[in-house]
Structures are given as C-alpha cells and as structure tokens.
Amino acid sequence: MGAAPFPAGILIAAVVFHATVVLSSFPATFHLERGITANHKLKLSKLKERDRVRHGRMLQSSGVGVVDFPVQGTFDPFLVGLYYTRLQLGTPPRDFYVQIDTGSDVLWVSCGSCNGCPVNSGLHIPLNFFDPGSSPTASLISCSDQRCSLGLQSSDSVCSAQNNLCGYNFQYGDGSGTSGYYVSDLLHFDTVLGGSVMNNSSAPIVFGCSALQAGDLTKSDRAVDGIFGFGQQDMSVVSQLASQGISPRAFSHCLKGDDSGGGILVLGVIVEPNIVYTPLVPSQPHYNLNMQSISVNGQTLAIDPSVFGTSSSQGTIIDSGTTLAYLAEAAYDPFISAEFCGTLAIFEVFSFLLVQITSIVSPSVRPYLSKGNHCYLISSSINDIFPQVSLNFAGGASMILIPQDYLVQQSSIGGAALWCIGFQKIQGQGITILGDLVLKDKIFVYDIANQRIGWANYDCSMSVNVSTAIDTGKSEFVNAGTLSNNGSPKSMPHKLTPVTMMSFLLHMLLLSCYMFL
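Here the structure is a predicted model, which is why all the values come from computation and not from measurement.

(A) Local environment of the sheet that holds strand E21 (residues 314–318). A sheet is described by the order of its strands in space; here five strands give the open sequence E18-E21-E30-E22-E29, paired in mixed fashion. Strand pairing shows two members of the sheet lacking a second neighbour, strand E18 (288–289) and strand E29 (423–425), which therefore form its edges.

The structure is reproduced here in structure tokens:
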C-alpha cells in the first residue's frame, strides 16, 4: 500500500519414538519398543527417509533458514496492479492471500464480523476471514503484553482502556484504512535449509485482525485478505521471525514484469554478482534511500541535490505496495508553470532532452491524451525511441531504468502499441515513491541487519541462489522456486484524443522535467 504516514520460541514437532513411559517414583523406568522389525526387513529407502525427516528437524532447530513464499499478481494496473502471496495461519492452517507491502510494517488479515471487508475478489481468489475462536493456538494480545509494546514506538499499536486489547488503526497513502486488534497464532511456511525444502514449519507470530476497513480496501475488484507489511520495525514478521532465530533479518524479492506476473519472495538474501548496494537513510520509518542525481543516456542532469534530501516530509522511498511511481510535488509543479519550469537548471534539462525529443518525433510515434494521461501509439520498439534513465544513489549504486520501467503498455490500437507515462505526481508532499513499475524485473535485497538495500536487473522467471548469510563469507546456496498466476483480461482504454505536433513538443518538454527531475 502506498507509503503510510504511518517474539517467542519456534514451535518444533518432537521426534516421536515408539515408547512406553511408566510414571512412578523416581527413577522412572522406560520400556522401549522396536521401531524396526526384528528381521531387519525394512527397506533401505524407508530408513533413509526416516533419517531425512529426523535430520530435517535437527537442522530446523539448530540454524537459521530461508523462508520461501509464493508470489502472484503483476504490477500492470490494467491486469492486477499488485503483487500478493498466500499465507497459512492458525490451527488447522487456513489460506490467506495478502498484498506484499514494503511500505508498512504489520501483517493483518480480515476477521469475522469485519465491517467493510470484501467477501469476494475480482482476482479469482477465495477470501477468508480469520476467527481467533476457532483456532486453539490463537490468543488475544493485551495492552500489558510485552509484544504489544513492540509497536508502540512506531505507532503500530494502540491501546484501549475499555477492553485492554492491543489494537491498531492504520491509514495508508491512498486514503484507505483499517483498524482492529492483535492476535498471536501460528504462521506456517516452507523453510529452505541445508539444501532442501522443509515443509510444515511453523512459528508463533503477532498479526492484526481487521474489524473495520475503509476506502479502496472495501472494493472487490482487486480484493485480498489483507496486507503483509515487510517494514523494518519490530512488529513486522521479518523482525519477529529473526528474533526467534528462524530466518535472517533480511528479505529479497524478484517480481516478474510480464503479464503472467508472479516472482520470488524469500526471507533471506538472494545472491547475485551484479547486485549493487546503497545504505538506508538512518532513523527513517520506511525504506528511504539517498538519491543523489539522475542521468539520461549517461549524461547527468543539472538538478539541485537538495531536491533529493531526506526529511520528515521529503525523500525517496522503496515501496512494493505502490503500483506505479510518484514524483515529489515540489519537483513536479515547476514543470507545468508558464515560465517553462522557471529555473536555469530545468532549462538545461530541456536543452539536453530536446535532442531526445527530436529523435522520437517520427511517423512511428503518435501522441494521444486520455483524461490527463499522456500516451503514445508506437509501431516500433520503445527501446529505440525513449532514453535509458539512471537513478544514482549514495555509495555509487545506480538503478538503470529502461523505457518499460517508466512507461506502461495499455493496449494495442490499429497494430500500434499504446504506451502511457507511468510516473505520477504525488500531492502535497516532497516524497518520491518507487513502486512496482520500477521494482519489477529486478532482484531487490533488503539487508535490514546491515541497513542497506541492493538491486540488480534480472529475469525473475529464472531461479535464484539464496543464502541466510547477510555478511560476506562462505555460505550454502539453494534454488528458490517461483509461482506464476493467471492475470485477468486487460481493461479497454478510454477514448483517446490526438493532439497536434506543437502540443506534443510542448508536452514532451514539460514531461522531460516531470520524468527526470
């Protein structure tokens, strides 16, 4: 979801031996029975299987593993517009589909008697309601519970004097919101450890039980069961599992950008030699990065670096819960002023990008305007027309954006592809948000323990190497699987209005400021 203004031991199944225990006065007497027949006819394959299961339990209890989650959905707003994963909560385990959101901290799902919660979804997934009363392993979190205090400093917890329940009230950047109370129950997951996948792993976590939803959360077209917050605060599932020694305090994703969507999501580190890292801005509630400059086709644009500074109302945030990408109002407003952006620095941007504009004004490009959205009918490859953009961050790390990372294909008309500008203006704030439009088709590693984020362009339909190691050194790598989904049909575009070539040139000048500053 858009940027929000926003603990206990692992449960391990015991190894069961065939034994009879006689309880009397100490010392107790144990009568052991054979688990293998006296004639030793048990097949070797069965013995190896028993050892594999037992060794898996031993590994699970003695080391940190990589937790693997399936990924469905796609960034494309005309298909799904979000990425989500399937979780299993409670006893017996029940499925819940939740949006993957690095812009918030808490995992919450819809609960019984919820006001405003959707009951069906246009994503063709079943929606469930969590019922704490039907799960024998569930318990409510009181205000006096130490786990409630984990969210108080980050404002992820609120307490009511009336019922002593630890609750929450979240408002997201898109105007939607939810409120409810916290429960503790088992999260079931697959753990990759020692080169193999361990099924039926579980651990107790604290998560939200939504009793009220408002805004876009009430709509059924793209409804899911809740939101999976991957923030770095103590109430996040990443932090809770790390504190129990189950997984490292790091996670990674690789989101597929094609129509099939899906991708990879692990609690652990994806290992890839081309990953570059930049430090997180300290003491920020979100994943804030220090962007220093922007380059187009290798040439750095003349932009005042203060535009990219981080404060309580300004900065650059990585947010998988945002579908598109948003530019700060302070940088966008001058672009549409009558003074042609008003500053010499922006005029210099005009001069440079005019070369790019001249190169793309050709019979293969026809501009269209749809309800304020600037689109283009293109009969050739957009990579031959639009420039490559580089977002440059502290530590020398650059994020390379190809045209597909700032343009969205809406449909085809008359044999020409319709591409629309995916970058939007964010109202009333100096915040730039890099959402799924930019994050897709890249490996992203959130190394919370070392306070850095890394990325590399990657084909997310391929397997990856993953590790629990968050520092350099020898570690064992395994392959993490991927899961794709079937998208819904594309929506038809609105009726488009052609503009004149002069309007097109003017628009491209303004758009140049808008996109690259």
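(B) Region of interest: the environment of Tyr-168. Relative to the helices and strands, Tyr-168 is located in strand E10 (residues 166–171). We classify Tyr-168 as buried; its relative accessible area is 2%. Along the backbone, Tyr-168 and Cys-209 are 41 residues apart, and their C-alpha atoms lie at a distance of 9.2 Å. A distance of 3.4 Å separates a polar side-chain atom of Tyr-168 from the backbone oxygen of Cys-209.

(C) Layout of the UniProt feature "active site" (unreviewed entry) in the protein. Per the UniProt record, the feature "active site" (unreviewed entry) sits at Asp-101 and Asp-319. Maximum C-alpha separation among the annotated residues is 6.7 Å over a sequence range of 219 residues, consistent with a single clustered spot. Of note, Asp-101 is situated in strand E6 (residues 94–101). Engagement of the side chain of Asp-101 in a polar contact is seen with the backbone nitrogen of Gly-103, the distance being 2.9 Å. Mapping Asp-319 onto the fold places it in the loop between E21 and strand E22 (325–327). A polar contact of 3.1 Å, which involves the side chain of Asp-319, links it to the backbone nitrogen of Gly-103.

(D) Expanded view of the pairing of strand E13 (residues 226–229). Here E6 runs beside E13; their pairing, made up of four bridges, is parallel. Note that in E13 the partner of Gln-99 across the bridge is Ile-227. Here three bridges tie strand E7 (residues 107–115) to E13, and the two strands are oriented antiparallel to one another. Its bridge partner lying in E13, Leu-107 is registered against Phe-228.

(E) How the structure looks around the side chain of Thr-74. Among the structural elements, Thr-74 can be located in strand E4 (residues 72–74). Among the polar contacts made by the side chain of Thr-74, one reaches the main-chain carbonyl oxygen of Asp-258 at a distance of 3.5 Å. Beyond its immediate sequence surroundings of up to four residues, Thr-74 is in contact with Leu-79, Val-80, Gly-81, Leu-82, Tyr-83, Asp-258, Asp-259 and Gly-261.

(F) Quick peek at the sheet that holds strand E26 (residues 397–401). Judged by pairing direction, the sheet is antiparallel, and its four strands sit side by side in the order E20-E19-E25-E26 without closing on themselves. Two strands close off the open sheet at either side, each with one partner strand: strand E20 (299–300) and E26. Inspection of the sheet shows strand E19 (residues 291–296) paired to E20 by two bridges, in the antiparallel sense. Counted as the bridge partner of Ser-295 is Thr-300 from E20.

The rules behind each value
- Residues numbered from 1 in each chain as written.
- Predicted model: local features only at pLDDT ≥ 70, side-chain atom pairs only at ≥ 80, totals over all residues.
- Heavy atoms only, no water.
- Pairing = 2+ DSSP bridges.
- Helix = DSSP H or I, 4+ residues; strand = E, 2+ residues; numbered from the N terminus.
- Buried < 20%, exposed > 50% of the residue type's maximum accessible area, 1.4 Å probe, protein only.
- Polar contact = N/O pair within 3.5 Å; in protein donor to acceptor, adjacent residues only side chain to side chain.
- UniProt positions renumbered as here; feature names shortened; annotations may be inferred.
- Contact = heavy atoms within 4.5 Å.

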